[in-house]
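Fold and contact review
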Amino acid sequence: MTIACSLVDYLREHELRLTTAESCTAGKIVTLLAEVPGSGSLIESGYVVYSPEAKQRLLGVNPCTIDTFNLTSREVAEEMALGALRDANANVAVATTGILGPDDMDGIPAGTVCFAWAFDMAGERALFSRLERFFGTRNQVQLWAAEHALVQLRHFHQRALAGERR
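Residues numbered from 1 in each chain as written. Predicted model: local features only at pLDDT ≥ 70, side-chain atom pairs only at ≥ 80, totals over all residues. Heavy atoms only, no water.

1. Details of the overall build of the chain
Test applied: Secondary structure elements follow DSSP: runs of H or I of four or more residues count as helices, runs of E of two or more count as strands, with numbering from the N terminus. For this measure, only C-alpha atoms enter the radius of gyration; the expected value for a globule follows 2.2 Å times N^0.38, where N is the number of residues. Classification of residues uses two cut-offs on accessible area relative to the type maximum, computed with a 1.4 Å probe and protein chains only: under 20% is buried, over 50% is exposed, and between them is partly exposed.
The secondary structure content of the chain amounts to six helices and five strands. For 166 residues, the compact-globule estimate of 2.2 N^0.38 gives 15 Å, and the chain sits close to it at 15 Å. In terms of principal-axis extent, the alpha carbons of the chain reach across some 40 × 35 × 25 Å. Across the 166 residues that make up the chain, the buried fraction comes to 51%.

Given below as structure tokens:
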């Protein structure tokens, strides 16, 4: 069973509806899920936002957050996830922002990806974020990051169910 198939079953079992806010993964998270038959009812929307302006306009990312922490940061990923969750008719959001490579950018090593997972738990928000580094080609890093976002969704949802909020 693929990662996406397993997650579709999990989403269905837990009555989760997903939205994504993707920068470096460029819609790959939604694409992986959409390849699974019957997943359409579990995907609410997917935002692909590269520029700082798009992150601000579509997801409400604060320009000060970008200026303070950089476009590739956990803080920006968190605001992206919360913005997608706020705008969508969903109860879980996943966000990614990072540097695929092959070159480092603004002092950030290639393969660095920041993730955030946000959950609406009966009106309360739970928010988790992580920074990971992947080593490989640009396409490999993009795929691995998308798969990582899916694998970790279950982990962080379980933590949210246990009462953790950050």
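There's more to say after this.
2. Details of the packing of helix H1 (residues 3–13) against helix H6 (residues 138–161)
As a reminder of what qualifies: Angular values range over 0 to 180 degrees, each being the angle between N-to-C directions of two axes fitted as lines to C-alpha atoms, with helices fitted over their stretch in contact. Any angle that falls under 35 degrees is termed roughly parallel, while one over 145 is termed roughly antiparallel, one within 65 to 115 roughly perpendicular, and all others oblique. Each helix crossing is assigned a hand: it is left-handed if the near helix lies turned anticlockwise from the far helix by less than a right angle, otherwise right-handed if that turn is clockwise. In this description, contact between two residues means that some pair of their heavy atoms is separated by no more than 4.5 Å. Residue classes follow a fixed rule: Ala, Val, Leu, Ile, Met, Phe, Trp, Tyr, Cys and Pro count as nonpolar, while Asp, Glu, Lys and Arg count as charged, and any other residue, Gly among them, counts as polar.
Where H1 contacts H6, the two axes come as close as 9 Å, and the packing angle between them is 30°. When the axes of H1 and H6 are compared, the pair comes out roughly parallel. H1 and H6 meet at a crossing whose hand is left-handed. Contacts between H1 and H6 pair Ile-3, Ser-6, Leu-7, Tyr-10 and Leu-11 from the former with Glu-147, Leu-150, Val-151, Leu-153, Arg-154, His-157 and Gln-158 from the latter. Here the residues of the contact of H1 with H6 sort into seven nonpolar, three polar and two charged.

3. Here we look at the side chain of Glu-78
The residue Glu-78 is located in helix H5 (residues 74–87) in this model. Sequence-distant contacts of Glu-78, defined by excluding residues within four places in its chain, comprise Ala-116, Leu-127, Ser-129 and Arg-166.

4. As for the sheet that holds strand S4 (residues 112–121)
Heads up, the condition is: DSSP calls a pair of strands paired once it identifies at least 2 bridges connecting them.
Pairing is mixed across the open sheet formed by five strands, whose spatial order is S2-S1-S3-S4-S5. The two strands at the open ends of the sheet, each matched to only one other strand, are strand S2 (43–48) and strand S5 (124–133). Strand-to-strand twist across the sheet, computed as the mean angle between neighbouring axes with direction ignored, equals 10°. When strand S1 (residues 18–22) meets S2, the two strands line up parallel, connected through five bridges. The residue of S2 that forms the bridge with Thr-20 is Gly-46.

5. What about the nonpolar core?
In plain terms, the rule: Definition used in this section: a nonpolar core is a set of buried Ala, Val, Leu, Ile, Met, Phe, Trp, Tyr and Cys residues joined via side-chain atoms within 4.5 Å.
Among the nonpolar cores identified, the biggest contains 34 residues, and Leu-33, Trp-117, Phe-119 and Leu-153 are the most heavily contacted of them. For this core, the elements supplying multiple residues, two or more each, are H1, helix H2 (28–34), strand S3 (92–98), S4, S5 and H6. Top element by residues in this core is H6. It accounts for eight residues. Once you skip the residues sitting within four places of it in the chain, Phe-119 turns out to touch Leu-85, Asn-91, Val-92, Glu-124, Arg-125, Ala-126, Phe-128, Leu-153, Phe-156, His-157 and Ala-160. Counting 19 residues, the second largest nonpolar core, distinct from the first, contains Tyr-47, Val-61, Ala-95 and Leu-127.

Taken by themselves, the reported measurements are silent on function.
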